[in-house]
Amino acid sequence: MKRIVILGGGTGGTLTANRLRRCLDEQAAEIVVVDRDADHVYQPGLLFVPFGLTDMKRITRPRPRQFRSGICFRQAGIDWVDTEADRVHLDDGTALGYDVLVVATGARLLPEETEGLTGPGWLTSVFTFYTPEGAVALHRALDRFTAGRLVVNVVDMPIKCPVAPLEFCFLADYYFRQRGIRDRVELTYVTPLDGAFTKPACNRELSGLLTDKGIELVTEFNTGTVEAGAAASRAPGGRLISYDDRAVPFDLAVVIPLHGGAGYVERSPGLGDELGFIPVDPGTLQSKTRPNVFALGDATDVPASKAGSVAHFEGDVLAGNVRRFLAGQQLLAGFDGHTNCFIETGFGKALLIDFNYDTEPLAGHYPARLGLPLLRQSRLNHLGKLAFQQFYWHSLLPGRDVPGISSRMPTRGKTRPLDQAATTPSGSR
Ligand SMILES: Cc1cc2nc3c(=O)[nH]c(=O)nc-3n(C[C@H](O)[C@H](O)[C@H](O)COP(=O)(O)OP(=O)(O)OC[C@H]3O[C@@H](n4cnc5c(N)ncnc54)[C@H](O)[C@@H]3O)c2cc1C
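Analysis parameters
Residues numbered from 1 in each chain as written. Predicted model: local features only at pLDDT ≥ 70, side-chain atom pairs only at ≥ 80, totals over all residues. Heavy atoms only, no water. Buried < 20%, exposed > 50% of the residue type's maximum accessible area, 1.4 Å probe, protein only. Helix = DSSP H or I, 4+ residues; strand = E, 2+ residues; numbered from the N terminus. Pairing = 2+ DSSP bridges. Right-handed = clockwise from strand over helix to strand, strands pointing away. Patch = residues over 30% accessible without salt bridge, like charges linked within 9 Å, V, L, I, M, F, W, Y side chains within 5 Å. Areas by Shrake-Rupley, 256 points an atom, 1.4 Å probe, with all protein chains shown as cover. Salt bridge = Lys/Arg side-chain N within 4 Å of Asp/Glu carboxyl O. Contact = heavy atoms within 4.5 Å.

1. A look at the pairing of strand β12 (residues 148–154)
Burial of β12 is extensive: seven of the seven residues sit out of reach of the surface. Where β12 and strand β13 (residues 185–190) come together, six bridges link them in parallel fashion. Pairing of Val151 across the sheet is with Thr188, part of β13. Since β12 and β13 lie parallel, the crossover through helix α3 (residues 164–178) that links them has a hand, and here it is right-handed. As paired elements, β12 and strand β18 (residues 252–256) share five bridges and run parallel to each other. Of the residues in β18, the one forming a bridge with Leu150 is Leu252.

So this is what it looks like as C-alpha cells:
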C-alpha cells in the first residue's frame, strides 16, 4: 500500500485527488489531502463580490464534500516538509509519511511586504478583492463611493489570474455607468508592466478597451509605498509612491499585493525557490530536486499563468505521471503550458484567450471551429464565464474528462498559422 499525500485542497489539490482516486485501486494507494480550512471558495467569483453581482455564500462550498469517497481529508496547517525523510509535519504536532507528495498549496498574498499597504488606510481607503474579507469590505466601500479617483494597482508579478485586475477596471466602468455617476469617477490602472498585459496580441486588445472606456493607464510603476489614512498628508485618500518617486493619488485604491508561495515552503529545506514556489519540470511537473515530489497550480515556478485553468490542465498530466512513477514507468512531458481565460469586459460581454508556453493568444474559436470566439468581445463568452462556476463544481473539481477539452492547447479553430506566433515561454508568467 503506497501513500500519496496532497498538500492543499484547493482547485489543483482537489481535482488531482479525485483523478487519482478514479484510477488507483484503494488497496494499492491511500490518498490523503491536507488543508487548513474547511471551506472551498470559488476564487474567480471574488471579482464579482465588490459589485454586488454575487456574494460569498454563493461561491463557497464545504471542502470535504468535494472529494470522492476513499480520499482522506485532514484539516490541519502544514508546518514543514522533511524531504529527506519523506514526512510532512503538521501544526497539530502530528506527522504524515508519504511515498509521493503533491504540492498544491497555491500562492500566498504578502501585503505586509509593501510599506504602508496594511497601515491606517487598509480596509478604509485601501482594499483588495483577492481575499473574501477584502472583497466583502470593498463591496461596502464601492456602495458608499459617489465621486473621486479610483486606482487599481498591481504591486508586482506573478499574481493569480493576471487579467482579474483589468476585469475589475472594466466592471468598475460598467458599475459606475449603471449608477449614473461615471462622469464623477476617474478610473486609473497602475501596473509594473510596460503595457496593459504581457502578451502583445492581448495587450493591444486590452489597451484599446481601457482607452475606449476612458480608463487611464500608468505603466512601469513599481509601488514602493502606500500612504493612506493618517499617513496621507497630501491627498484625502492617499498616494501610491513608486521606487522611482512617482506618485499616483487616490480616493479609493484597489491593490493586488505581492504574491509568494506558501509560508511552510521556506521552512522545508530543498522544497522551494527563494519566492516559495516549487521548481518543477514544466512538462512533467516533477520536482527538480526530489523525484517523488510533484507540484501543480499556483504553487509551481512554471512560466504559465497562475490560473485555475492551468491547474485543471496540469492535473490531468500530473495524475498520469504519479501513476507512472508508482508503476516505475517513464514520465510523460505532457503539459504544454495550456491556459485559457475569460476576460469580463462589462455590459454583459467577455473576451476569451487561449495560449500555451510557445503560442501567443490567437484569434479564431475555442475549442474548435464552432466554439467560443477568441480575442473578441461577445455575449457568448460572458455566458461562458458565468457558466464556468457550475462546470467548476460539477466537472473540473471531480476530475471528469470533458469531451473536446484536452490538457494540450488545441490548434483547430485558430485563424493564424501557429509558426508565426511562437514566442519564448519566459514572458507568460
Ligand atoms: C480574484 C481572483 C479571480 C480569479 N479568476 C480566475 C479566472 O477567471 N480563471 C482562472 O482560471 N483562474 C482564476 N483565478 C485563479 C485561480 O483561482 C487559481 O489559480 C487557482 O485556484 C489555483 O489553484 P491551486 O490549487 O494552485 O491553489 P488554491 O486553489 O488557492 O488552493 C491552495 C490551497 O492550499 C491551502 N493551503 C495553503 N497553505 C497551507 C498551509 N500552510 N497549510 C494547509 N493548507 C494550506 C489553502 O487553504 C488552499 O485551499 C482567480 C483568482 C482570484 C484571486
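2. Thoughts on a nonpolar patch on the surface
A contiguous nonpolar surface patch, about 270 Å² in accessible area, is contributed by Leu380, Leu383 and Leu386. Assignment of secondary structure puts Leu386 in helix α7 (residues 379–396). On the basis of relative accessible area, Leu386 is assigned to the partly exposed category, the value being 45%.

3. Points about the environment of Ala311
Looking at the secondary structure, you find Ala311 in helix α6 (residues 308–326). Relative accessible area serves as the criterion here: at 4%, Ala311 is assigned to the buried category. A C-alpha to C-alpha distance of 9.8 Å links Ala311 and Leu396, two positions 85 residues apart in sequence. Residue contacts for Ala311: discarding those within four places in its chain leaves Thr11, Gly12, Leu15, Leu296 and Gly297.

Just geometry here; none of it tells us what the structure is for.
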